[in-house]
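The lines below spell out each chain.
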Amino acid sequence: MGSAAPAGTLAAMVHLRVVAPREQAEQAYELLKENPLACHLVYLKDVVDAPKGDMLLVDVPREEASVIVGDLRNLRIPETGSISVEPIDVQLSELADKAERDAPGAPADAVVWEEVEARTSEESRLSVTYIAFMVLAALIAGVAIIQDSAVLLVGAMVVGPEFGPIAAFCVAVVERRRPFALRSLLALLVGFPVAITAVCLMIVVFKATGVVPGSFSEADHDLADTISNPDFLAFFVAFCAGMAGMLSLGAAKSGALIGVLVSVTTIPAAANIGIAFVYGDWESWRGSLAQLALNVFAILLAGILTLWIQRLYFRRRRIDHLREETSVSRDE
């Protein structure tokens, strides 16, 4: 007789590690023990030296992760200890399978807000690395436009890191975190001008050394013509890409995010602004500037709208959860 195949969940569960002083740890333990969706709960006493305290380990469905983390935050654990959130790629457990089935919604649709916040917070900082990627992406895009090479242009769009601060700004707006929003906005306001300036300097040097021609015409360069003529379709594509980008952040689908990067012409528009400025093509300069503004606006609009709807669903789920807890307390 053959044995039954073991049960398993793929990226459907999240592992929580809680570090807290004894009193808070005991409260967290009781909270987690009473939650029917919490699996494999472990309580380790006096195992943490700095700060002195206990540790709890538990696995929860992805759909319920932010709700449970919200309960732990209400115990003020982050003020005296920590809450770590780690996705579980593969887990063989019938108990976990049951918890995932009992959790509302589907794992693919669930948003672990702490994960989104951490990812966008890291990508929104104005750093040397961020500026370097912006400059390199714009330089590659500049060469692509001069050579009218779609392959190089796609490469430049993938290299560009501008979606990080844009996504971070959307998260900050939805969560009403003003300092976070200003930090993201600063990265955008500094990154694009620096990238454009780098392209200007590159074209000036290349013109002086004869690497590029002394004149440049959109009529002979289809990519430059497309970039400098924004229309409704450009807005529509950027809007769709913005929605896809936010959904990919929440679902941690990196493949979809790469598709977003090669769907919008933010980096190409920035590069063409620099090229048009050096060649004195002011019509192309204005058109490229409009293209850049249109793309950023469309992504921001789509991103904020998508996150707002997801946040609204999470808040409703959180309210239902608190009502369930209140009902259970009354029954007891």
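About the thresholds
- Residues numbered from 1 in each chain as written.
- Predicted model: local features only at pLDDT ≥ 70, side-chain atom pairs only at ≥ 80, totals over all residues.
- Heavy atoms only, no water.
- Helix = DSSP H or I, 4+ residues; strand = E, 2+ residues; numbered from the N terminus.
- Areas by Shrake-Rupley, 256 points an atom, 1.4 Å probe, with all protein chains shown as cover.
- Phe/Tyr/Trp six-rings, centres within 6.5 Å; stacked < 30°, edge-to-face > 60°.
- Buried < 20%, exposed > 50% of the residue type's maximum accessible area, 1.4 Å probe, protein only.
- Pairing = 2+ DSSP bridges.
- pLDDT = per-residue confidence, 0-100.
- Contact = heavy atoms within 4.5 Å.
- Salt bridge = Lys/Arg side-chain N within 4 Å of Asp/Glu carboxyl O.
- Patch = residues over 30% accessible without salt bridge, like charges linked within 9 Å, V, L, I, M, F, W, Y side chains within 5 Å.
- Core = buried A, V, L, I, M, F, W, Y, C linked by side-chain atoms within 4.5 Å.
- Arc of directions from axis to C-beta.
- Axes fitted to C-alpha atoms, helices over the stretch in contact; angles between N-to-C directions.
- Parallel < 35°, antiparallel > 145°, perpendicular 65-115°, else oblique.
- Left-handed = near helix turned anticlockwise from the far one by under 90°.
- Nonpolar A, V, L, I, M, F, W, Y, C, P; charged D, E, K, R; others polar.

> Help me out: how do you make sense of the overall build of the protein in this one?
If you tally the helices and strands in the protein, you get 14 helices and four strands. In the form shown here, the protein has an accessible surface area of approximately 16600 Å², with 61% of it arising from carbon and sulfur atoms.

> I would appreciate a short explanation of the packing of aromatic side chains in the present structure.
Each pair of aromatic rings is reported with the distance of its centres and the angle of its planes. Under the definition given, this model contains six aromatic pairs. Ring centres of W282 and W285 lie 6.1 Å apart, and the angle between their planes is 80 degrees; this geometry places the pair in the edge-to-face category. Taken together, the residues W282 and W285, both in helix α14 (residues 282-331) and three residues apart, mark about one turn of the helix. For W285, a relative accessible area of 28% corresponds to the partly exposed category.

> How do you make sense of the pairing of strand β2 (residues 39-48) when you look at a structure like this?
Two faces, one strand: in a regular strand the side chains alternate between the faces of the sheet. Sheet topology places β2 next to strand β3 (residues 53-61); five bridges connect them, and they run antiparallel. The residue of β3 that forms the bridge with Y43 is L56. Linking β2 to β3, which pair antiparallel, is a turn of four residues.

> Is there a simple way to think about the confidence of the model for the protein in this case?
Do not read the fine detail of predicted coordinates wherever pLDDT is low. With 88% of its residues at a pLDDT of at least 70, the protein reaches an overall mean of 85. Across residues 1-6, confidence stays below pLDDT 50; counting only partners more than four residues off in sequence or on other chains, it has zero contacts.

> Any chance you could explain the pattern of salt bridges here in plain terms?
Note on pairing: side chains with opposite charge can pair once their charged atoms come close. Per the stated rule, a full pass over the model turns up 10 salt bridges. Put simply, R22 and D46 hold a salt bridge, and the shortest N to O gap is 3.0 Å. With R22 in helix α1 (residues 22-33) and D46 in strand β2, this pair connects stretches of sequence that are 24 residues apart. Residue E175 is joined to R311 by a salt bridge in which the shortest nitrogen-to-oxygen separation is 3.5 Å. With E175 in the loop between α8 (163-174) and α9 (178-209) and R311 in helix α14, the pair connects residues that are 136 residues apart, well separated along the chain. Classification of E175 by relative accessible area gives buried; the value is 14%. Through salt bridges with shared partners, a single network forms among R22, D46 and D54.

> Is there a simple way to explain the side chain of N272 in this structure?
In this fold, N272 is placed in helix α13 (residues 266-279). When near neighbours in sequence (up to four residues on either side) are disregarded, N272 contacts I145, A224, I227, S228, S284 and S288.

> Would you mind going over a nonpolar patch on the surface with me for this structure?
On the surface, F232, L233, F236 and V237 cluster together into a nonpolar patch covering about 420 Å² of accessible area. Among the secondary structure elements, V237 is positioned in helix α11 (residues 232-251). Using a relative accessible area of 36% as the deciding quantity, one classes V237 as partly exposed.

> Which parts of the structure should I look at to understand the nonpolar core?
Nonpolar side chains in soluble globular proteins tend to end up buried together. I145, L153 and I275 are the most contacted members of the largest nonpolar core, which totals 64 residues. Of the residues forming this core, the biggest block, 12 residues, is contributed by α9. Sequence-distant contacts of I145, that is, excluding residues within four places in its chain, are made with L153, F216, H221, A224, I227, P268, A271, N272 and I275. In terms of nonpolar packing, the next biggest core, distinct from the first, is built from 20 residues, V14, V18, A20 and V69 among them.

> Explain unusual backbone geometry here, please?
Trans is the prevailing form of peptide bonds, just as negative phi is the prevailing case for residues other than glycine. Residue P51 follows A50 across a cis peptide bond; omega there is -5 degrees. Topologically, P51 is positioned in the loop between β2 and β3. Even without glycine at this site, D46 takes up a positive phi of about 55 degrees. Taking relative accessible area as the criterion, D46 reaches 52% and is therefore assigned exposed.

> Looking at this structure, how should I read helix α7 (residues 150-159)?
Residues three or four positions apart in an α-helix share a direction because the helix packs 3.6 residues into each turn. Listed as buried for α7 are L153, A156 and M157. Along the long axis of α7, the arc covered by the buried residues comes to 100 degrees, so they all point the same way.

> I tried to follow the packing of α9 against α13 on my own but got confused; where do I start?
Running from N to C, α9 and α13 cross one another at 45 degrees; their axes reach a closest spacing of 8 Å. Between α9 and α13, the interaxial angle falls into the category oblique. Note on packing geometry: the crossing formed by α9 with α13 is right-handed. Here F192, I196, V199, C200, I203, V204 and K207 of α9 lie close against α13, whose contacting residues are T266, A270, A271, I273, G274, I275, F277, V278 and Y279. In terms of residue class, the contact of α9 with α13 is made up of 13 nonpolar, two polar and one charged.

> I tried to follow the packing of helix α6 (residues 128-147) against α9 on my own but got confused; where do I start?
Packed helix pairs are specified by the crossing angle of their axes together with the interaxial distance, meaning the distance between the axes. Following both chains from N to C, one finds α6 and α9 inclined at 45 degrees, their axes separated by 8 Å at the closest point. The angle between α6 and α9 falls in the class oblique. At the point where α6 passes α9, the crossing takes the right-handed sense. Contacts between α6 and α9 pair Y130, I131, M134, V135, A138, L139, G142, V143 and I146 from the former with A187, L188, V190, G191, F192, V194, A195, A198, V199, M202 and I203 from the latter. Partitioning the contact of α6 with α9 into residue classes produces 18 nonpolar, two polar and no charged.

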